[in-house]
Structures are given as structure tokens and as C-alpha cells.
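So the chains spell out like this:
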Amino acid sequence: MRLKPFLLDMWLDTYEHDIEFNLAASEGPRWTLNEILSLASEGERQRFLNHNLVYSRPAGAEGLRAAIADMQDVSVDTVQVVTGASEALLVLMWLAAEAGANVVLPQPGYPPFSALPESLGIETRYYALRKENDFRIDLDEIKQLVDRNTKLILVNTPHNPTGATISDAELDSLHEFTASREIQLVSDEVFHPIYHGQATRSASRLPQATVIHDFSKAFPLSGVRTGWMIEHDPKRRERYWNARTYFSVSNNTAGEMLAEIAMRRRNIVLGRTQETATRNLRQLASFMSEHRETLGWIPPRGGVTAFPWLVSGEDSRAFCQAAAEQGILLAPGDCWDAPAHFRLGFAAMTDKFPDALDRLGYFVRCWSAANVTKA
């Protein structure tokens, strides 16, 4: 078993810890431990400070599961807490790894979507999110990729890195198709419910869909390393529970308690992400219009990232490398097998976002002028 290099995390780890303006981040605005604890009641704070550092339950802490169930409008039994959406993906792909199996995935997509099944010997098939189609899914294309060996179809809405969304009607149609063929439909919703325009509903409402979510994106608390799965099928839940007892056994108790505090005050935590993303996206739209001769883009309909491209069609890695040298971090598109593109996150920064765009604008003008001189 071999895993291909995780180019995105390698790039981020090289630069993000010391960069002045991080425009590559895919999270909302940061929270400190003190800020999260300030949302809690005195009883919750004391429970956090004085709890025993022991194993949590494999399915997750009961209080956290109840809070997640309330958000997702499902029964507590359907909730499996995991160590971030990353563990959820590992569990799903591990359980799909049967002889001759294939999975259907978005392209571009979050790198582990493909790296995990490839490492397990699962055939990977891709449906394209094309800029010519505003990064929308094509249901017919997805259906044509399926055969009797297809174990799961994965969708990501809002999508990383494009910010595209899948409508309720499209998801309903896809669910009907997968259910009729006994194919598992997995919906990665780590950016839900951050939308810019028409909001869409979680796939947790669909009886045969599996939802994965976590506290790293819309809930920008990646340090708690906590996520969840919503699964209505009791047999699948039993398999998830068994798998995670082999992988991570349980979550860390401190992370679960902080996650529960955030979930129970989700109107505040998610509200801060939505407010920051909405404000910064307006500024980003003006920026992209000003630089449309050099940069192309499709405005995201959800989430906190966009996937612009160089109008010249050249590979963006040199562009991103030069930007990093000027204190601006972007993520090159080859991390998603889309070299002309780059990911731009617009919600991790709050007060300094206008300054970041000013610096990026100066860099883009210099880059464009240099290219004209070379030509």
C-alpha cells in the first residue's frame, strides 16, 4: 500500500505558519480556546477543566451526539462521532475495499478523496466539475460511470475548492438513483451551512444517504480534531463503530467537550463564519473584476474558498510561489490536478483581508507586467 504525496498539505505546511497573509486557508475565522470557553456556562467550563482524561465512547460523547443530532434534525442513534472528516473518509473507503470495487468521485476534489481508494486498490472513476459549466455536477455523467461494482458515489457540497453547490432537486434525484441500485451516496458537507445565495439542505434528510461533516471548516475549530457521520442504516453504523475502534478507538475528550460547546452555540460560531465570508466575498468580487484580464473566476455559491485561474492558461505554481515570496499564500492548482487554477480562501482572515487583497493586487499587476515584457 502506498499513498501518493499530499501536495496540498506539503505546500501549506511549508508556508502557512509564518506567512503574513494566508489566502490559501479553507477555514472560517479563527477561535481561541478562551473564546470558546467564554461561550460556555460556568458548569460547562468547570466540567471541561475537571474532566478525567480517559477514553471516550467509540460512538462519541452522548452530549455531543445529541447536539449534532439537533443541528442535523436526526435521531441521536444516527450520529457517529469520528476524528474529523478525515477518519470518516478512511472508514468509508476501507469498508468499500472489495475485490473489483470502484468508487465515483468529483474532479477536482479534496486530495484524500482519491488517494485513499487508490492506496487500497479500489478503482477510482471521476465526474468533472468544469468551469465551462460553472463547476456544476452533471447527473447524467455520474450515472454513466456506475456499474454493478460501484460501491459509493461521493459528492461534496459546498465543494472544495470551487465553492459550487448541488441543488436540493439534484441531490434528491441522485439519491433516488443510488438507492434504486443499492449504491451508497456519501455527501461531504464540511462547509454546510455557509452559502452565498440559495441555501441547500443537508443530505441527512435522505434515508439512504451518508453525511460526513466536522469542526474544521464552517465550524473553524480544526484543532479539536472532531467530526461526525450521519447514517440511517443500522448495519452500516455497526461497521463504522467497529472500524473506528481499530483506527482511533475514540476521540479525545477535551476536543469533544469543546466541540459540544461550539455546537450548542452554533448560531454564534457559524454566524461569525457566515458574516466574515459574506463581507470578504463582496470585496473579493470587486478585486476579481478589477483584475479580470489576468485572473478568471466563478463566484462560489457556498463555503469559504474560490478556485480562480490564470487567464493565460499557464501553470499557477510559479505564480503561487512568487506570491508566497511577497507574503501572500495561495494554493497551486496542481494540488487538485488543475494546474492553471489556484485556491483562494476568503474567510480565515477578518480585519486584514482588505490589506491582503491590496498586496495581492500589487503582485498581480507586477506579474502581468512582467509577462507582457517577456512576450
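In this numbering scheme, every chain counts its residues from 1 along its sequence in written order. Only residues with pLDDT of at least 70 get local features here, since the model is predicted, and only at 80 or more are side-chain atom pairs given and counted; chain-wide, interface and lining totals rely on the full set of residues. As a rule here, side-chain values cover all heavy atoms of the structure and leave hydrogens and water aside.

A look at the layout of surface pockets
The rule is simple: put a 1 Å grid over the protein atoms alone, call a set of points where a 1.4 Å probe fits but cannot get out a cavity, call an open set with protein on both sides within 12 Å along at least five of seven lines a pocket, and count a residue as lining if it has an atom within 4 Å of a point. Grid points are joined across faces, edges and corners, and a volume is the space filled by probe spheres set on the points. Size it by volume and the largest pocket reaches roughly 600 Å³. Taken together, 28 residues make up the lining of the largest pocket; nearest its centre are Asp9, Ser26, Glu27, Tyr110 and Lys217. Of all the elements in the fold, those that place two or more residues in the lining of the largest pocket are α1 (7-15) and α5 (84-96). Strands here are runs of E lasting at least two residues and helices are runs of H or I lasting at least four, both read from the DSSP assignment and numbered beginning at the N terminus. The element best represented in the lining of the largest pocket is α1, accounting for 4 residues.

Remarks on the side chain of Ser26
With respect to the secondary-structure elements, Ser26 resides in the loop between β1 (21-22) and α2 (33-39). Of note is the side chain of Ser26, whose polar atom sits 2.5 Å from the side chain of Lys217. In what follows, residue pairs with any heavy atoms lying within 4.5 Å of each other are defined as contacts. Aside from chain neighbours lying at most four places away, what touches Ser26 is Phe191, Lys217, Val304, Thr305 and Arg343. Here a polar contact is recorded for every N or O atom pair within 3.5 Å, except that within protein the pair must consist of a potential hydrogen donor and a potential acceptor, and residues adjacent in sequence are included only if both atoms are side-chain atoms.

Examining the sheet that holds strand β13 (residues 331-332)
The antiparallel open sheet is built from 3 strands, whose spatial order is β10-β14-β13. Taken across any chain shown, the strands that pair with only one partner, and hence form the sheet edges, are β10 (305-306) and β13. Note that β13 and strand β14 (residues 342-345) share 2 bridges and pair antiparallel. Bridged to Ala331 within β14 is Arg343. In this analysis, strands are considered paired if DSSP registers two or more bridges between them.

Observations concerning the sheet that holds strand β5 (residues 150-156)
With mixed pairing, 7 strands are arranged side by side in an open sheet as β2-β8-β7-β6-β5-β3-β4. Since the sheet does not close on itself, it has two edges, and those belong to β2 (79-82) and β4 (123-128), each with one partner. Going from strand to strand, the sheet's axes swing by 25° on average, the running direction of each strand aside. Bridge count between β2 and strand β8 (residues 227-231): 4 bridges; the pairing is antiparallel. Looking at the pairing, Val82 lines up with Gly227 of β8. Here the axes come from fitting lines to C-alpha atoms, over the contacting stretch only for helices, and the angles between their N-to-C directions go from 0 to 180 degrees. Contacting β2, β7 (209-214) and β8, helix α4 (residues 62-72) runs over the sheet at an angle of about 120° to β2. Across the face of the sheet, α5 comes into contact with β2, β3 (102-107), β5, β6 (184-188), β7 and β8 while running at roughly 150° to β7.

Some details on the environment of Val155
Among the structural elements, Val155 can be located in strand β5. By relative accessible area, which is 0% here, Val155 ends up buried. As a C-alpha pair, Val155 and Glu189 span 34 residues in sequence and 8.7 Å in three-dimensional space. Those residues in contact with Val155, other than ones at most four positions away along the chain, are Tyr127, Ile166, Leu171, Leu174, Leu185, Val186, Ser187 and Asp188. Burial here depends on accessible area, computed with a 1.4 Å probe over protein chains only, as a share of the maximum for the residue type. Under 20% is buried, over 50% is exposed, and the range in between is partly exposed.

Examining empty space enclosed by the protein
Tallying each qualifying case throughout the model produces 1 cavity of 30 Å³ or more. In this model, the largest cavity occupies a volume close to 50 Å³. Lining of the largest cavity is provided by Pro106, Tyr127, Leu129, Phe135, Arg136, Ile137, Asn156, His159, Ala164, Thr165 and Ile166. Each residue gets one label: Ala, Val, Leu, Ile, Met, Phe, Trp, Tyr, Cys and Pro are nonpolar, Asp, Glu, Lys and Arg are charged, and the others, such as Gly, are polar. Residue classes in the lining of the largest cavity are distributed as 7 nonpolar, 3 polar and 1 charged.

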